[in-house]
Amino acid sequence: MYWRRHERPALDRSLTSSALVLPSAAQVVAARDNIRAFALRAPLVKLNADLPGASIFLKLENLQPWGSFKIRPAVNVLKTMDATDLKRGVLTASAGNFGQGLAFAARALGVPATVVVPDAAAETKVKALIELGAKVIRRSFDEWWTVLTSRSCAGEDGIFVHPVAEPGVLAGNATIGAEILEELPDCDAVIVPFGGGGLICGIGSVMRRLRPAVRMIVVESEAAQPAAAALQNGGPVRVPHRQSFVDGMGSTTVLPEMWPLLQKVADQAECVSFAQITEAIRLLAHRHHVIAEAAGAVSVAAALGAKAGKGNVVCIVSGGNIDTGKLGAILGGQNPF
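Now for a look at the structure at hand.

Scanning all chains against the criterion turns up 20 salt bridges. The salt bridge involving Arg-4 is made with Glu-270; its shortest N-O contact spans 3.1 Å. Of this pair, Arg-4 sits in strand E1 (residues 3–4) while Glu-270 sits in strand E10 (residues 268–272); the two residues are 266 residues apart in sequence, bridging distant segments of the chain. On the basis of relative accessibility, which here comes to 29%, the residue Arg-4 falls in the partly exposed class. Across the salt bridge formed by Arg-32 and Glu-182, the nearest N and O atoms sit 2.7 Å from each other.

Right under this line is the structure:
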């Protein structure tokens, strides 16, 4: 499934009211100050591959502490929370990467953290959560989704921090967009993995303000395509979802509070196959010595499939937390699907 902006149906005005808004320039500046001592300014590296008419660049967020861009929003959220609230501890629902970022930030600030994970979460992510001192609660995907959407978990009293639909999360993610434009001011397109929409909405907020002509492309896998379905249908709809090795992304629908923001920033939605993802993982490892998890490699898979058009194209390599056995199998030529 794919979608491009010119195909969008008429906007359903009943879906445009939301308390959540795109971050302002001031919020992004504040977020950069908040995360400076915790997060890496991830390098922007040109991809060692020839594509006619396009130069592909990799924003290597997989090099962040604990292997994901999620450290940016997690630190920023805790830095903007009230100290009295923080004493209660923090709670989130995460496939693993946001949970790690939150647990890392919470440990640095002396705050207890609880993370509810889906039962298919990668073991490397679960082990990292435990190493960071977080309390880990496993739930089925449907139960995990209920925790995410209800913002509560029975028996847990911590302040719930949503991994996607939080102002501080969006501002933390937006810092990536600011860095891209500082290093590549003539950027023409940015390809962003779609999990819940927080990453593209954060980065897109900067692009729409400073370089509105940039093509913002969301990419999903064949496991689930809620963003493309929502953009094609003019609003969130439920889509089939299956568990796969692309464990860091994919859900049954776009969250209602994220839909108005997604409409403002997304120009295009694309889908890549499992085979394309594994080839992207291999290319990143063999040519750049970069380890990417499946959800982190989808942007590169889309670029290699010529889905982003011409010019300077930035791929967000969002994370590198892949089980070592799975990575070894992929690099050895096997396909985990």
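Further notes follow.
One open sheet holds the seven strands; their spatial order is E1-E10-E9-E8-E11-E3-E2, and the pairing between them is mixed. Strands at the two margins of the open sheet, each flanked by one partner only, are E1 and strand E2 (44–46). Pairing of strand E3 (residues 54–60) with strand E11 (residues 311–317), which is carried by seven bridges, proceeds in the parallel orientation. Looking at E11, one finds that Leu-60 is bridged to Val-317. The sheet strands contacting helix H7 (residues 167–183) are E2, E3 and E11, and the helix crosses E3 at an angle near 135°.

Of the positions making up helix H6 (residues 141–150), those classed as buried are Phe-141, Trp-144, Trp-145, Val-147 and Leu-148. Looking down the long axis of H6, one finds its buried residues gathered within 155° of arc, a one-sided arrangement. Next to the buried residues of H6 lie strand E4 (90–93), strand E5 (113–118), strand E6 (135–139) and strand E7 (159–160). One or two steps after H6, the chain reaches Arg-151, where phi turns positive at roughly 60°.

This paragraph deals with the environment of Glu-61. Tracing the backbone through its elements, the reader meets Glu-61 in the loop between E3 and helix H2 (71–80). Residue classification places Glu-61 among the buried positions, given a relative accessible area of 0%. Taking the C-alpha atoms as reference points, Glu-61 and Leu-40, 21 residues apart in sequence, are found 8.3 Å from one another. Beyond its immediate chain neighbours, meaning those up to four positions away, Glu-61 contacts Ala-42, Gly-67, Ser-68, Phe-69, Arg-72, Ile-176, Ile-316, Val-317 and Ser-318. For Glu-61, the side chain forms a polar contact with the side chain of Gln-64, separated by 3.0 Å. Within the local environment of Glu-61, its side chain forms a polar contact with the side chain of Arg-72, the two groups lying 2.8 Å apart.

Cut-offs and rules
- Residues numbered from 1 in each chain as written.
- Predicted model: local features only at pLDDT ≥ 70, side-chain atom pairs only at ≥ 80, totals over all residues.
- Heavy atoms only, no water.
- Salt bridge = Lys/Arg side-chain N within 4 Å of Asp/Glu carboxyl O.
- Helix = DSSP H or I, 4+ residues; strand = E, 2+ residues; numbered from the N terminus.
- Buried < 20%, exposed > 50% of the residue type's maximum accessible area, 1.4 Å probe, protein only.
- Pairing = 2+ DSSP bridges.
- Contact = heavy atoms within 4.5 Å.
- Axes fitted to C-alpha atoms, helices over the stretch in contact; angles between N-to-C directions.
- Arc of directions from axis to C-beta.
- Polar contact = N/O pair within 3.5 Å; in protein donor to acceptor, adjacent residues only side chain to side chain.

Keep in mind that these numbers describe shape and distance, not what the molecule does.
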